[in-house]
Amino acid sequence: METSSLLSSLHDECRSDNYIEPHYKEWYRIAIDALIEGGLEAYKEFLSKERCSEFLADEEIDYILNNVHKLPQNTIYSSNHAIDDTSSSGTYWPIESDVEAPNLDLGWPYLMPGISGGTNIDLLFHPPRAQPYTIKETVRKMIRDARKVIAIVMDMFTDVDIFREIVEASARGIAVYILLDESNFSHFLKMTEKQGCQVQRVRTVRGQDYYSKTGAKFHGKMEQKFILVDCKKVIYGSYSFMWSFEKTNLSMVQVITGQLVESFDEEFRTLYARSSVPSSFAPELVRVNSHKTLWDNDTYQHSVMPVFCNVFVKKAFLLHFSIWCVKKNSVDFHFSGKFLSFTSNSLF
């Protein structure tokens, strides 16, 4: 990065053959500042005055206007009431967070780097072409074949069939992690409520923060889509976990095994480190107890999840998995040497 920056200041004949001119337009930043502070009219007025072409799609404009957070008026200016014109967007000068990253407390299998062998990639399309199964069927089979961990990163998750497979995998003792785009989390929550389930342990991820000169900011979305199983196999592509992707949308994915999976392993842990608990989760869930067990193979440590009881729901139980479900009927649940009787039904 430093080498490229130095080369950019030299004559063309001194630049590396691989050098690419950095893409940055100052009037982009000023136009977005105008949009944030003055709205659509101010944005268009600036572009017209500077004779610049529009560069934001209508969807991007709406997203910025609907998601921007402005500082209180008395904090915008410095102590001498002067605006710092030299400040720039935090997008270009990001600040690292000092908040401690969350732990993968359900456990995570350790695989020695470099022993996975060569990378193998199979390309699947929807609707299917040469492959015998649809993408959804391939995802469901992959979840059923899981033995240790399932890690899901998804922009939109409303497919009830895939959700059922995940709940059943959790019931088998598989550690399940779910990371969803923060702005679309409400759709997942509505889906689980319609299924009669109350979820916990699902975390959300947002995109990069963008700061204007005045300190107003908005954040982007998390657009990644992949599922990692046992840190040995990945499905990655344009397929979202929604009914429309099974029935109407065109999409494609890569099924990846081998060394390249290590990069997805690292990327999931990176995303998990920047994730947060959704603010819409009810605070009434009370921790009762927890304990840990150790799996000897692959030095895999699995932390059995704390049991949660909703003190406002009578005759209900919550499964102590990464997904907590509330249902009615009769079941005996063994915990800490005692049998606790609750009322339960089948999960669906």
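Look up a bit, the structure's there.
Parameters at a glance
- Along each chain, numbering runs from 1 in the same order as the chain's sequence is written.
- The predicted nature of this model means local features are confined to residues of pLDDT at least 70 and side-chain atom pairs, given and counted, to a pLDDT of 80 or more, with totals for whole chains, interfaces and linings taken over all residues.
- The side-chain values count all of the structure's non-hydrogen atoms but skip hydrogen atoms and water molecules.
- What makes a nonpolar core is a set of buried Ala, Val, Leu, Ile, Met, Phe, Trp, Tyr and Cys residues whose side-chain atoms join them at distances within 4.5 Å.
- When accessible area is computed with a 1.4 Å probe and restricted to protein chains, residues below 20% of their type maximum are described as buried, those above 50% as exposed, and intermediate ones as partly exposed.
- Helix and strand assignments follow DSSP, with helices taken as H or I runs no shorter than four residues and strands as E runs no shorter than two, numbered in order from the N terminus.
- For this analysis, residues touch if any pair of their heavy atoms sits within 4.5 Å.
- Pairing of aromatic side chains here covers Phe, Tyr and the six-membered ring of Trp, requires ring centres within 6.5 Å, and sorts the geometry by plane angle: under 30 degrees stacked, over 60 edge-to-face, intermediate tilted.
- Whether a charge sits over a ring comes down to the Lys NZ or Arg CZ being within 6 Å of the ring centre and within 35 degrees of the ring normal.
- Each axis is a line fitted through C-alpha atoms, taken for helices only over the stretch in contact, and angles between the N-to-C directions span 0 to 180 degrees.
- Roughly parallel means an angle under 35 degrees; roughly antiparallel, over 145; roughly perpendicular, 65 to 115; everything else is oblique.
- Pairing between strands is defined by DSSP: at least two bridges between them are needed.
- The handedness rule is simple: strands pointing away from the viewer, and a clockwise path from the first strand over the helix to the second, make the crossover right-handed.

**Q** How should the nonpolar core be read in this particular structure?
**A** Across soluble globular proteins, nonpolar side chains have a tendency to be buried as a group. Formed by 34 residues in total, the largest nonpolar core has its most connected members in I150, F157 and F188. Residue contributions to this core peak at 5 residues, all from helix α5 (residues 160-171). With sequence-adjacent residues up to four places away left out, F188 is seen in contact with F157, T158, F163, L180, V199 and V202. Counting 20 residues, the second largest nonpolar core, distinct from the first, contains A151, L228, L271 and Y272.

**Q** Even after reading the chapter, I still don't get the packing of aromatic side chains, so can you show me in this structure?
**A** The relation between two aromatic rings is expressed through the spacing of the ring centres and the mutual angle of the planes. Counted by the stated rule, this structure contains 17 aromatic pairs. Ring centres 4.1 Å apart and planes at 10° place the aromatic pair Y28 and F55 in the stacked group. One end of the pair, Y28, is in helix α2 (residues 26-50); the other, F55, is in the loop between α2 and α3 (58-67), and 27 residues separate them in sequence. Take Y28: its relative accessible area is 23%, and that puts it in the partly exposed class. Given the relative accessible area of 22%, F55 is considered partly exposed. Across the ring face of F125, the terminal group of R129 is positioned such that the distance to the ring centre comes to 3.8 Å. Positioned above the aromatic ring of Y272, the side-chain terminus of R203 is 5.4 Å from the ring centre.

**Q** Would you explain the packing of helix α4 (residues 135-144) against α5 in this entry?
**A** Each pair of packed helices can be described by the angle between their axes along with the distance between the axes. Direction vectors running N to C along α4 and α5 enclose 10°, while the axes themselves pass 9 Å from each other. Here α4 is positioned roughly parallel relative to α5, judged by the angle of their axes. Residue-level inspection shows K136, V139, R140, I143 and R144 of α4 in contact with α5, the latter providing D161, I162, E165, I166 and A169.

**Q** It is not clear to me how the pairing of strand β4 (residues 202-205) should be interpreted in this structure. Could you clarify?
**A** As a general feature of sheets, a regular strand has side chains that alternate between the two faces. Because side chains alternate across β4, one face comprises the buried residues V202 and T204, and the other comprises R203 and V205, equally buried. Across 4 bridges, the pairing between strand β3 (residues 175-181) and β4 is parallel. Bridging across to β4, D181 finds its partner in V205. Following the backbone out of β3, through helix α6 (residues 185-194) and into the adjacent parallel β4, one traces a crossover that is right-handed.

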